[in-house]
Amino acid sequence: MSKVIMIQGTMSNVGKSLLVGALCRIFKQDGLKVAPFKSQNMALNSFVTKDGLEMGRAQVMQAECAGVTPSVYMNPILLKPTNDIGSQVIVNGEVIGNMKAREYFAYKKKLIPDILAAYDKLSRWADVIVIEGAGSPAEINLKADDIVNMGMAKLVDAPVLLVGDIDRGGVFAQLLGTIELLEHDEKDRIKGLIINKFRGDKSLLDSGIEMLEARGGVPVVGTVPYARLMIDDEDSLSERLDNKCFGAKDKKAVVEIAVVRLPKISNFTDVAPFENIANVAVRFVTKPAELNGADIVIVPGSKNTISDMKWLIESGMATAIQRFAVDGVVVGICGGFQMLGDIISDPNEVESDSIKSINGLGLLEMETIMERAKQRNQSEGFFDNMSGVFETLSGQKYFGYEIHNGRSMMAGRAVTSVQRGNIFGTYVHGIFDNGDIALKLAKALASKKGMTLDTEDMDYQSMKENEYDKLANIVRSNLDMEYIYSLLT
């Protein structure tokens, strides 16, 4: 059986996902076979495995850190929020239905056999499994039926490292308060504390750390500095979505990319390759005026295309995008691709029981019909016969994946990607992740307005590997890895 260690946090977005990724890369560098694991993940960023199953992207990032192929066993339960009180429930990569929060809360313990079966699959080949918790183990209203924090730790007898985020303030209260709200046997599982996202002189923390260790009875195993790394984020809590200008390495970007921040945005990581290009700025926008100055508008994926199309119309963004498209470049991905068409129909009430059809942006002569069956598959092909600003991509190979309800029809045939003039739409997530595709498009956008993007060639996958190594090096040099190795059971 595999050895195991678990990362839990004092709250959401304290950096659990990246710390799990860092440990996966460190153990890999040290010659071990590693698997990440998160029993239950709530996120709208998802991925499709080789066998057509759906899992959270955070575990994909962690698998890449570990140097292994992503598997649905690394994330047996995925919850994709459909509204404020309910989610689509995905178990072992397959949709089992939509549930309200209270309904799922009463149901989830029935999924323990699925969790343990997935964990057992990983333990048959991995030397080490690094488990990620969710939210906080001290959410006392949810503890009784917990399957992702201390409940998970108990199922597999995992030692726990508890992480607090000092960048938000109050890290000592975070860590001590969490410990105090745990049961005695749960406190005993916490073997180390980590202070994450620190900026400044670490020696200024010394007196606080001494008091924290004395009161909490748990050693602080490291203080990890704040680091801005270009690595996929866990979910919509990502700081990317609130950043006015992300990616440009100077004050004046040569190319500006406006990404529409849909209310139910999903897989926004599709634009991550552009964020890694010097002198290219990526900003997430919600108001028509924010399209001013953009060289390209990207309409990303959506968990509910009809609802988000309704928002585009009511917010004035639809009209703004249509005006922008007269001379500007517009790209739609998955749900965004569906929105580029003339009409979106939902006769089977897949997404809405009140809206049977809605007008799209009318930028492509295409109709989309929502279907109950979800399309899930990996996809590869070539950019064929591209023109205009997209001509530079002609002949380029791409690889990605599709996750969508709905079939798009143009001139009587189903389509997965379409380019007409300065408009391009595709169902393929990750289509810009391949090689230098993002860089080529960015250079073409610069050339379109008579400018030059003086940027070195970039292979996005190689760049990600470098970022994973940077992450591992930062964490290795700031945690007591000898002590962490001693915890592996």
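Below you will find a few notes about this structure. Positions within a chain are numbered from 1, following the residues in the order the chain's sequence is written. In keeping with the model being predicted, local features are shown solely for residues with a pLDDT of at least 70 and side-chain atom pairs are shown and tallied solely at 80 or more, while totals for entire chains, interfaces and linings include all residues. Side-chain numbers come from the whole structure's heavy atoms, not from hydrogens or water.

### Side note on the layout of surface pockets
Step number 1: Put simply, the second largest pocket is a space of about 610 Å³.
Step number 2: Taken together, the elements giving at least two residues each to the lining of the second largest pocket come down to β6 (77–83), β7 (86–91), β8 (94–100), β17 (301–302), α10 (305–315), β21 (367–382) and β22 (397–410). Put plainly, a pocket is an open set of points on a 1 Å grid over the protein atoms alone with protein on both sides within 12 Å along at least five of seven lines, a cavity is a set where a 1.4 Å probe fits but cannot get out, and a lining residue has an atom within 4 Å of a point. Grid points are joined across faces, edges and corners, and a volume is the space filled by probe spheres set on the points. In this description a helix means any DSSP run of H or I spanning at least four residues, a strand means any run of E spanning at least two, and both kinds are numbered starting from the N terminus.

### Section: the pairing of strand β12 (residues 220–225)
Step number 1: β12 sits mainly inside the fold: five of its six residues count as buried.
Step number 2: The crossover handedness rule: strands pointing away from the viewer, path from first strand over the helix to second strand clockwise, crossover right-handed. A crossover connection joins strand β11 (residues 190–198) to the parallel β12 through helix α8 (residues 206–216); in handedness this β-α-β unit is right-handed. A 1.4 Å probe rolled over the protein chains alone gives each residue an accessible area, and that area as a share of the maximum for its type sets the label: buried under 20%, exposed over 50%, partly exposed in between.

### Observations concerning the sheet that holds strand β10 (residues 160–165)
Step number 1: If you walk across this open sheet you meet the six strands as β2-β9-β1-β10-β11-β12, and the pairing is parallel. Because the sheet does not close on itself, it has two edges, and the strands there are β2 (34–37) and β12. With direction set aside, neighbouring strand axes in the sheet form an average angle of 20 degrees.
Step number 2: In this analysis, strands are considered paired if DSSP registers two or more bridges between them. Pairing geometry for strand β1 (residues 3–9) and β10, over four bridges, is parallel. Structural elements are reduced to axes, namely lines fitted to C-alpha atoms, with helices fitted over the stretch in contact, and the angle between N-to-C directions of any two is expressed from 0 to 180 degrees.

### Here we look at the pattern of salt bridges
Step number 1: A side-chain nitrogen of Lys or Arg and a carboxyl oxygen of Asp or Glu constitute a salt bridge if their distance falls within 4 Å. For the coordinates displayed, the defined rule picks out 25 salt bridges.
Step number 2: E64 is the salt-bridge partner of K464, the closest N and O atoms lying 3.2 Å from each other. In this pair, K464 is assigned in helix α14 (residues 460–478) and E64 in helix α2 (residues 57–66), connecting sequence segments 400 residues apart.
Step number 3: Residue classification places K464 among the buried residues on the basis of a relative accessible area of 6%.
Step number 4: With relative accessibility at 22%, the residue E64 sits in the partly exposed group.
Step number 5: Put simply, K397 and E380 hold a salt bridge, and the shortest N to O gap is 3.4 Å. Here K397 is found in strand β22, whereas its partner E380 is found in strand β21, with 17 residues between them in sequence.
Step number 6: Among the ionic contacts, a cluster of salt bridges with common partners joins K143, K154, E183, D185 and E186.

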